[in-house]
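Survey of secondary and tertiary structure
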Amino acid sequence: MKKKIRLIVNGEEKVLTIDVQQTLLEVLREDLGLTGTKKGCNQGECGACTVLLEGKPVSSCSLLAVKADGKAVTTIEGLAKGGQLHPIQQAFNEKGAIQCGFCSPGMILVTKSLLEQNPNPTTAEIKEAIAGNICRCTGYVQIIEAIRSLVP
Amino acid sequence: MRLLEFDYFEAENLEDAVAHLKKYNGSCQIIAGGTDLLTALKQRLYTPACLVSLDNIPSLKNIKEENGAIFIGAMCTLEDIINSELVAKKLPALKQAAWEVGSPLLRSLATIGGNICLNTRCRFYNQSSFWRSSREKCFKAGGSICHVTNKQESCVATFSADMPPVLIAYGASVRLIGPKGTRLLPLRQFYTDNGRFPNEILTGSGEILTEIEIPTPSSQTNSTYCKFRLRNSIDFPLLGIAVLLILDKGKFCKDARIIITGAGSAPIEAVEAREKLLQQELEPQLIDAAAQIAASEIHPMRSSFVSPRYKREIAGVVLAEALEKAGGIRE
């Protein structure tokens with residue numbers, strides 16, 4: 001069964017005809033070519049597929065794309081502007097919070113949402129915010145440091 | 001793993017949704033948040049011909065207090081529950097339990113109704129179709145053997161939802177709508193204690209859970225939820241205990257409720273441990289005694305990744321912690 005949906009992806013309107021059984025992750029990667037969003041466990045356990053839906057982080061593998069109809073989606077591709085990395089991306093770079101990079105899009109988007117809601121989070125609040133995103137390289141220390149470096 | 005094809009129907013009202021469920025005669029399911037359902041569909045645990053979405057029914061997203069009761073719409077997300085001032089003030093243990101479910105990425109999608117209707121889980125069942133194909137089909141998957149007990153008569157999958165124990169402790173009821181009309185059922189009676197078909201809806205009643213009704217707790221009510229799992233995020237509970245105490249003068253136990261999740265095929269009430277607490281002053285010796293009793297009241301099976309004996313040990317520890325928290329003895 002096909003359905004026509006409208007997404008606002010990184011500020012740009014996209015009208016797509018999709019199969020209703022496609023997840024938002026599949027639509028982003030396969031129909032829109034936005035492969036910055038990663039497919040990890042595909043079961044909502046690892047956070048690699050994190051995108052922002054109306055500003056809130058969600059696991060895009062666990063959401064049918066038809067349920068995102070009419071909503072705004074931010075992916076990692078939407079952060080850098082004019083060849084300039086977003087300040088969160090820069091901080092992750094500088095603090096060594098990036099190794100293999102597979103968790104980074106999710107970690108960075110979760111950080112964006114956290115800092116928009118709470119510009120001055122405690123370390124405990126930072127840990128809570130990234131609790132759904134698994135990183136197998138860094139041991140999280142540098143990621144938390146990178147986020148802390150963005151707190152005034 | 002991709003999802004198989006299905007039809008998708010966005011109901012405009014509840015009557016519409018009920019009629020649609022009936023039309024497909026058992027091969028149609030409700031999708032709420034979908035976070036648990038999508039994984040189950042990818043694992044081919046169910047293969048519905050149609051999913052019915054309730055996203056377009058705004059009345060299912062209300063949280064309100066009226067005439068001494070709190071009403072929560074079934075489509076409220078766990079994040080809505082966490083952010084509700086009413087819930088934080090009147091039902092603090094419910095907020096706590098919502099906060100302990102999954103991860104922030106799932107709580108923004110997952111609903112309270114979905115959590116109440118969560119299917120039981122088993123290490124032999126919640127696996128990919130490839131993994132499961134190496135064994136005979138188990139009882140829960142429609143076969144004729146249980147790999148946990150090696151017996152043929154029943155399924156012992158574990159009830160693993162976090163919200164129901166707290167809701168039962170608060171005395172919640174659920175409103176269901178189906179082909180025969182609507183009914184209000186105490187949440188405890190919604191569960192069948194049958195591992196294969198653990199609740200009224202999964203027995204195939206064709207009903208939809210629409211609302212949760214909770215009598216507003218009195219000012220003497222102290223409540224908490226303690227969840228035990230190997231990681232402090234993402235995981236289902238290995239064991240979770242909701243405790244509600246009605247304390248007089250801050251210490252004298254006038255009433256108590258202890259509801260345990262993760263220890264059987266339904267939420268379990270620790271009746272004897274409760275008896276031990278009644279009309280007593282809450283102090284460390286009494287708490288230890290009640291914790292020991294509760295540990296002997298559960299009969300967990302090896303359907304999760306830890307042994308039944310381990311779960312019984314943990315039950316005592318977690319209950320002691322919950323009683324101390326609810327009684328204000330520890331933070």
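Reading guide: rules and limits
Residues numbered from 1 in each chain as written. Chains lettered and ligands numbered in written order. Predicted model: local features only at pLDDT ≥ 70, side-chain atom pairs only at ≥ 80, totals over all residues. Heavy atoms only, no water. 1 Å grid on protein atoms, 1.4 Å probe; cavity = no way out; pocket = protein on both sides within 12 Å on 5 of 7 lines; lining within 4 Å. Points joined across faces, edges and corners; volume = space filled by probe spheres on them. Nonpolar A, V, L, I, M, F, W, Y, C, P; charged D, E, K, R; others polar. Helix = DSSP H or I, 4+ residues; strand = E, 2+ residues; numbered from the N terminus. Buried < 20%, exposed > 50% of the residue type's maximum accessible area, 1.4 Å probe, protein only. Contact = heavy atoms within 4.5 Å. Polar contact = N/O pair within 3.5 Å; in protein donor to acceptor, adjacent residues only side chain to side chain. Domains from an automatic or database assignment. Buried area = accessible area lost by both parts, 1.4 Å probe. Salt bridge = Lys/Arg side-chain N within 4 Å of Asp/Glu carboxyl O. Pairing = 2+ DSSP bridges. Axes fitted to C-alpha atoms, helices over the stretch in contact; angles between N-to-C directions. Expected span 1.5 Å × (residues − 1).

Observations concerning empty space enclosed by the protein
Residue and element names in this part refer to chain B.
- Overall, the coordinates contain one cavity of 30 Å³ or more when judged by the stated rule.
- The computed volume of the largest cavity comes to approximately 70 Å³.
- Lining the largest cavity are 14 residues, and of these Cys122, Cys138, Lys140, Cys146 and Cys155 sit closest to its centre.
- Along the lines of polarity and charge, the residues of the lining of the largest cavity split into eleven nonpolar, two polar and one charged.

A look at unusual backbone geometry
- Even without being a glycine, Tyr140(A) presents a positive backbone phi close to 75 degrees.
- Locating Tyr140(A) in the fold gives a position in the loop between helix H4 (123-129) and helix H5 (141-148).

A look at the environment of Ser205(B)
Residue and element names in this part refer to chain B.
- Among the structural elements, Ser205 can be located in the loop between helix H10 (187-190) and strand E8 (208-215).
- Assessed through its relative accessible area of 25%, Ser205 is described here as partly exposed.
- The contacts of Ser205, once residues within four sequence positions are left out, are Pro179 and Glu200.
- A distance of 2.8 Å separates the side chain of Ser205 from the side chain of Glu207, its partner in a polar contact.

With respect to the domain arrangement of chain A
All names here are of chain A.
- Taken domain by domain, chain A holds domain 1 (2-78) and domain 2 (87-148).
- Distance from the C-alpha centre of domain 1 to the C-alpha centre of domain 2: 21 Å.
- Contact residues are listed per partner, giving 17 residues for domain 1 and twelve residues for domain 2.
- Buried area between domain 1 and domain 2, summed over both chains or domains, comes out near 1,100 Å², and the portion from carbon and sulfur atoms is 66%.
- Inspection of the region where domain 1 meets domain 2 yields zero salt bridges.

Points about the sheet that holds strand E1 (residues 7-10) of chain B
Residue and element names in this part refer to chain B.
- Pairing is parallel in the open sheet, where three strands are placed in the order E1-E3-E2. Single-partner strands in this sheet number two, and they are E1 and strand E2 (28-31). Neighbouring strand axes in the sheet, compared pairwise and without regard to direction, differ in orientation by 25 degrees on average.
- Two elements, E1 and strand E3 (residues 50-53), share four bridges in a ladder whose sense is parallel. Bridging across to E3, Tyr8 finds its partner in Leu51.
- Of the strands in this sheet, E1, E2 and E3 are in contact with helix H1 (residues 14-23), which crosses E2 at around 150 degrees.
- Contacting E2 and E3, helix H2 (residues 35-42) crosses the sheet at an angle of about 140 degrees to E2.

A few points about helix H12 (residues 284-297) of chain B
All names here are of chain B.
- The end-to-end C-alpha separation of H12 is 20 Å, in line with the 20 Å expected for 14 residues at 1.5 Å each.
- Within H12 the residues assigned to the buried category are Leu286, Ile287, Ala290, Ala291, Ala294, Ala295 and Glu297.
- Contacts made by the buried residues of H12 are with strand E12 (268-269), helix H11 (271-277) and helix H13 (308-326).

Examining the pattern of salt bridges
- Going through the model one piece at a time under the given rule, you end up with 22 salt bridges over all chains.
- Residue Glu79(B) pairs with Lys56(A) through a salt bridge whose shortest N-O separation is 3.1 Å. Taken together, the positions of Glu79(B) in helix H3 (residues 78-83) and Lys56(A) in strand E4 (residues 56-59) put the pair across two chains.
- The partly exposed category is assigned to Lys56(A), whose relative accessible area is 33%.
- With a closest N to O distance of 2.9 Å, Glu65(B) and Lys90(B) form a salt bridge. One end of the pair, Glu65(B), is in strand E4 (residues 63-66); the other, Lys90(B), is in helix H4 (residues 85-90), and 25 residues separate them in sequence.
- For Glu65(B), a relative accessible area of 33% puts it in the partly exposed group.
- By sharing partners, the salt bridges in this structure join Lys3(A), Asp69(A) and Glu10(B) into a single network.

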